[in-house]
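As a plain string of letters, each chain reads:
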Amino acid sequence: MSAHDPVPVSLAEIARIAGVGRAAVSNWRRRHDSFPTRIGGTDVSPQFSLAEVEQWLRDNGKLRDIGGRELLWPRFEALGSRNESGLAIAESARRMRSSKARIAHPELSAPARDLVAQAAKVGRKEGPRETFEFLLQRWLETHVRQLSTTPPQLAALMARIAFAVHLGPAQDGLTLLDPACGTGHLAAAAVQEHDNPGLEVLACERDPALAALTAGRLDFLAEDHDVRTRIATADALRDDPFAGAKADVALCNPPFNERDWGYEELATDQRWTHGLPPRTEPELAWVQHLLSHLKPGGAAVVVLPPAVASRKAGRRIRGSLLRTGALRAVVSLPPGSAQPHSVSLQLWILRATPDGSAAAPPSQDALLVDATRFARSGSREPSPDWDSLGSFVLTAMATLDHADQEPPLGAVRVPLLDLLDDEVDVTPGRYTAATAEPSRKELAGNWDDFGSLLTDLADHARRLSALDFEAGPPQTTATVGDLVKAGALTLRAGQQPPEPVAPVRGVAVPLLTIADLLHDGTPSGTVHIGSAAAIAEEGDVVVAGVARAFKAWVHEGPPMALGPQLYILRVEAEKLEAHFLAGCLCAPANGRQAGTHASSSSRVDIRRLQVLQLPLEQQKEYAETFRRLRAFEEVLTAAGSSGKGLVSDMSDRLAAGGLTT
């Protein structure tokens, strides 16, 4: 693409630039003859000139407070090449931090260099770090199918494990190694999790664009942390740029299932102290590469596919890793923890023998941890309950070197004699039990709790069944859209905040998403107030705008950020009662009437939801009944869950025998 060619943008991109929904852009196109004409695409997915769209938005007052970042991204995307756009973003980061920086990538085309200059100008105006974060996030989203990144939550957990398991002397100036760093998620997490000053990061990536983006990310982190970095562009297995260097901790999410990893040319490599990795086992080559770089007592955490724990070809190397104490623990993660999301990946925790230790391993067992139960159910894409997962895994790791401490339920120490059989299978699920049989006392207590729930349930049922409903003329209603126009409430939509690639300052608040509602209603993440689009305060009405998770409730408690398809309704207390509003909105019939099937998932048009028109005093009477109905629903749910648990426990006890009559 030449510098004079128009930059194409879609309707969705125009909506993002203007900060509105796509439907609004379609309306502008129909209602305004002056709207730019299509320059490409199809009737269903038309494309327009970015320059013409920007001018039209400015002329018609549609840009509002949108900054230059949104206008920048389509130009980066128009470069066409994933590598060139990535290198241009990395080069922009250097220029944002220093306008006098010499160009590090002379291979960039003239349009790319012009764009770097524009991006640097925007960055210096709107914030270098924030602009780089925005561009990097959009680049990652655009090329998600071509890239395998480590989610920030998993990266943080891996860093915490490595620092906790490390047995080297406590000192400043630790060295971290990541030989397949990608865009630097693991290195960035380690920098943010490391408390002591003077951390040195050695990172390697064979893709030049990814290596350059890692350098840009870590350069921004270095502004707030005492960290030194060395980023190399190379294939760490074939041409190790840090040969001879030793690290205190190592983190790695290596490429999986690569047959062409250098088997022939590396057959006599000195790193294979546990055996030459078979051609079909490149992951075991990465494991030994990490071990070769560890200082005595150093720790490594590596993400691996589950087959590595049991494949026949790798059993000899697994046996050697166990016998020498190099493989200290294996953690099975829930599906959705990282790409590929459908697979229960594993973390292998490795450690080099500390100085002064005998040749025998420090412990005659290995810690196997099955954390697969921490998956969040109910959503299309599997995702972990990161808070619970992290707490569980770190609790298990705390028992690693303490034979007198019992691992938590779901983790077990397995003697090496039990592991070193014909298979040498280190899959945690083979040795751990997800549940424990309840004791007689616990079972009796569960029955008592269930009885209390039934008593509460009967009390609520008695009160609600006494209510009388008179037949009469249809009541007058108003839509949420009408109430917004009348000033009785304000409406705000939530959105997914961008992934942070550098520390964010400010107060952190929980983030609630639709997936959380489909699981157990507990927020799964946190965001900083400055980066969240919508914050629900105590007393706000929150509405889920997806049919399968449709509900409305009054938020109680500290501030909470909302993700996509969640909405905040903030009432004017002189006109509306919040619990009355929530009760009217969450009626199933209301949701069905306002639903739309315009997409593959049925959504609810919040503005079309109906609300009874009643005086404020009468609203309060209705609100009290709505509260009672919600309490009945909560007790009913708790009783159902408790009853199912009792059925399960009793079935296990009966099947095990020992019934006395």
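Higher on the page you've got the structure.
The numbers attached to residues start from 1 for each chain and follow its sequence in the written order. Restriction of local features to residues with pLDDT of at least 70 applies here, the model being predicted, together with a cutoff of 80 or more for giving and counting side-chain atom pairs; totals for whole chains, interfaces and linings are based on all residues. The side-chain numbers reported here are obtained from all heavy atoms of the structure, hydrogens and water having been left aside.

(A) Spotlight on the overall build of the protein chain. In DSSP terms, a helix is any run of H or I states spanning at least four residues, a strand is any run of E spanning at least two, and both are numbered starting from the N terminus. If you tally the helices and strands in the protein chain, you get 20 helices and 26 strands. Counting only C-alpha atoms, the protein chain reaches 90 × 90 × 45 Å along its principal axes. Between buried and exposed lies partly exposed: a residue is buried under 20% and exposed over 50% of the maximum accessible area for its type, with that area taken using a 1.4 Å probe on protein chains only. For the protein chain, the residues scored as buried account for 48% of the 661 residues in total. The contact criterion used is simple: two residues touch if any of their non-hydrogen atoms lie within 4.5 Å. The long-range fraction of contacts in the protein chain, counting pairs at least 24 apart against all pairs at least 6 apart in sequence, stands at 73%. Here the accessible surface of atoms and residues is derived via Shrake-Rupley with a 1.4 Å probe, and residues count as covered only by protein chains that are part of the display. By element, 50% of the accessible surface of the protein chain is carried by carbon and sulfur atoms, the whole surface being about 31800 Å². Averaging the locations of the 69 positively and 81 negatively charged side chains of the protein chain gives two centres separated by 4 Å. Positive charge is attributed to Lys and Arg, negative charge to Asp and Glu, and no charge count is given to His or to the chain ends. Throughout, a charge is located at the NZ atom of Lys, the CZ atom of Arg, the CG atom of Asp or the CD atom of Glu.

(B) Here's a closer look at the sheet that holds strand E2 (residues 40-41). If you trace the three strands from one edge of the open sheet to the other, you get E1-E3-E2, paired in antiparallel fashion. Each having just a single partner strand, strand E1 (8-10) and E2 make up the two edges of the open sheet. Direction of pairing for E1 relative to strand E3 (residues 46-49): antiparallel, over a ladder of three bridges. Pairing of Ser10 across the sheet is with Gln47, part of E3. We call two strands paired when DSSP finds no fewer than two bridges between them.

(C) Local environment of the sheet that holds strand E7 (residues 247-252). Across the sheet, nine strands lie side by side as E6-E5-E4-E7-E8-E10-E9-E11-E14; this open sheet has mixed pairing. Looking along the sheet, the strands with just one partner apiece sit at the ends: strand E6 (227-233) and strand E14 (411-415). On average, each strand axis in the sheet is inclined to that of its neighbour by 15°, with strand direction left out of account. Sheet analysis places strand E9 (residues 327-332) next to strand E11 (residues 365-370), joined by four bridges and oriented parallel. Its bridge partner being in E11, Ala329 is matched across the sheet by Leu367. Lines fitted to C-alpha atoms define the axes here, with helix axes fitted over just the stretch in contact, and angles between the N-to-C directions of these axes take values from 0 to 180 degrees. Lying on the sheet, helix H10 (residues 208-221) is in contact with strand E5 (199-205) and E6; it crosses E6 at an angle near 175°.

(D) Spatial organisation of the environment of Met650. One can find Met650 in helix H20 (residues 616-655). For the pair Met650 and Pro46, spaced 604 residues apart in sequence, the C-alpha separation works out to 61 Å. Excluding its chain neighbours within four sequence positions, the residues that come into contact with Met650 are Leu443 and Trp447.

(E) Molecular detail of the pattern of salt bridges. Throughout this description, the term salt bridge denotes a Lys or Arg side-chain nitrogen within 4 Å of a carboxyl oxygen of Asp or Glu. On inspection of all chains with the given rule, the structure shows 32 salt bridges. The salt bridge partner of Glu223 is Arg97, with a shortest N-O separation of 3.2 Å. Of the two residues, Glu223 sits in the loop between H10 and E6 while Arg97 sits in helix H5 (residues 82-97), which places them 126 residues apart along the sequence. Residues participating in the shared-partner salt-bridge network are Arg206, Asp235, Arg238, Glu258, Asp260 and Glu265.

(F) Fine view of helix H18 (residues 578-585). Across the eight residues that make up H18, a large majority, eight, are buried. Of all the positions in H18, only Ala578, His579, Phe580, Leu581, Ala582, Gly583, Cys584 and Leu585 are classed as buried. Where H18 begins, one side-chain oxygen reaches toward the backbone nitrogen of His579, 2.7 Å away; that side chain belongs to Glu577. In protein, a polar contact means a hydrogen-donor-capable atom and an acceptor-capable atom, both N or O and within 3.5 Å, with residues adjacent in sequence counting only if both atoms are side-chain atoms; elsewhere, any N or O pair within 3.5 Å suffices.

(G) Inspection of unusual backbone geometry at higher detail. Geometrically, the link from Gln339 to Pro340 is a cis peptide bond, its omega value of -5° lying close to zero. Within the fold, Pro340 resides in the loop between E9 and strand E10 (346-351). In this structure, Val424 is a non-glycine residue whose phi angle is positive, near 50°. Within the secondary structure, Val424 is located in the loop between helix H14 (416-419) and helix H15 (440-465). According to the relative accessible area criterion, Val424 is buried, its value standing at 6%.

(H) Structural detail: the packing of H5 against helix H6 (residues 110-126). At a closest axis distance of 8 Å, the pairing of H5 and H6 adopts a crossing angle of 45°. One way to sum up the angle between H5 and H6 is to call them oblique. Crossing hand, H5 versus H6: right-handed. Here Glu84, Ala88, Glu91, Ser92, Arg95 and Met96 of H5 come into contact with H6, specifically with Ala112, Val116, Ala117, Ala119, Ala120, Gly123 and Arg124. In this classification, Asp, Glu, Lys and Arg are treated as charged, Ala, Val, Leu, Ile, Met, Phe, Trp, Tyr, Cys and Pro as nonpolar, and every other residue, Gly included, as polar. Its residues assigned to classes, the contact of H5 with H6 comprises seven nonpolar, two polar and four charged. With respect to orientation, any angle under 35 degrees is reported as roughly parallel, any angle over 145 as roughly antiparallel, any angle of 65 to 115 as roughly perpendicular, and every other angle as oblique. Crossing handedness is read from the near helix: turned anticlockwise from the far helix by less than a right angle, it gives a left-handed crossing, and turned clockwise, a right-handed one.

(I) Just the packing of helix H4 (residues 68-77) against H6, in detail. At a closest axis distance of 10 Å, the pairing of H4 and H6 adopts a crossing angle of 160°. Overall, the two elements H4 and H6 adopt an arrangement that is roughly antiparallel. For the pair H4 and H6, the sense of crossing is left-handed. Two secondary-structure elements touch here, H4 through Gly68, Arg69, Leu72, Arg75 and Phe76 and H6 through Leu115, Gln118, Ala119, Val122 and Glu126. Its residues assigned to classes, the contact of H4 with H6 shows five nonpolar, two polar and three charged.

(J) Geometry of the packing of aromatic side chains. Aromatic rings from Phe, Tyr and Trp, taking only the six-membered ring of Trp, are treated as a pair when their centres fall within 6.5 Å; an angle between ring planes under 30 degrees marks them as stacked, one over 60 as edge-to-face, and anything in between as tilted. Counted under the stated rule, the structure contains nine aromatic pairs. Measuring from centroid to centroid gives 5.0 Å for Phe35 and Trp56, while their planes differ by 70°, and the two rings are edge-to-face. Taken as a pair, Phe35 in the loop between helix H2 (22-31) and E2 and Trp56 in helix H3 (residues 50-59) lie far apart in primary sequence, 21 residues in all. Both residues of the pair, Phe35 and Trp56, belong to the buried class. Centre to centre, the rings of Trp261 and Trp272 are 6.1 Å apart; their planes meet at 85°, and the pair counts as edge-to-face. One end of the pair, Trp261, is in the loop between E7 and helix H11 (282-292); the other, Trp272, is in the loop between E7 and H11, with eleven residues separating them in the sequence. Residue class for Trp261 comes out buried when judged on its relative accessible area of 2%.

(K) The state of the cysteines, seen in detail. Only a pair of cysteine sulfur atoms within 2.5 Å qualifies as a disulfide here. Across all of its chains, the model carries zero disulfides by this definition. No disulfide involves Cys252; its nearest neighbouring cysteine sulfur is the one of Cys181, lying 9.5 Å away. In this structure Cys584 is not part of a disulfide, and its nearest cysteine sulfur, from Cys586, lies 8.5 Å away. The buried category is assigned to Cys584, whose relative accessible area is 9%.

Read these as layout, nothing more, since geometry by itself doesn't imply function.
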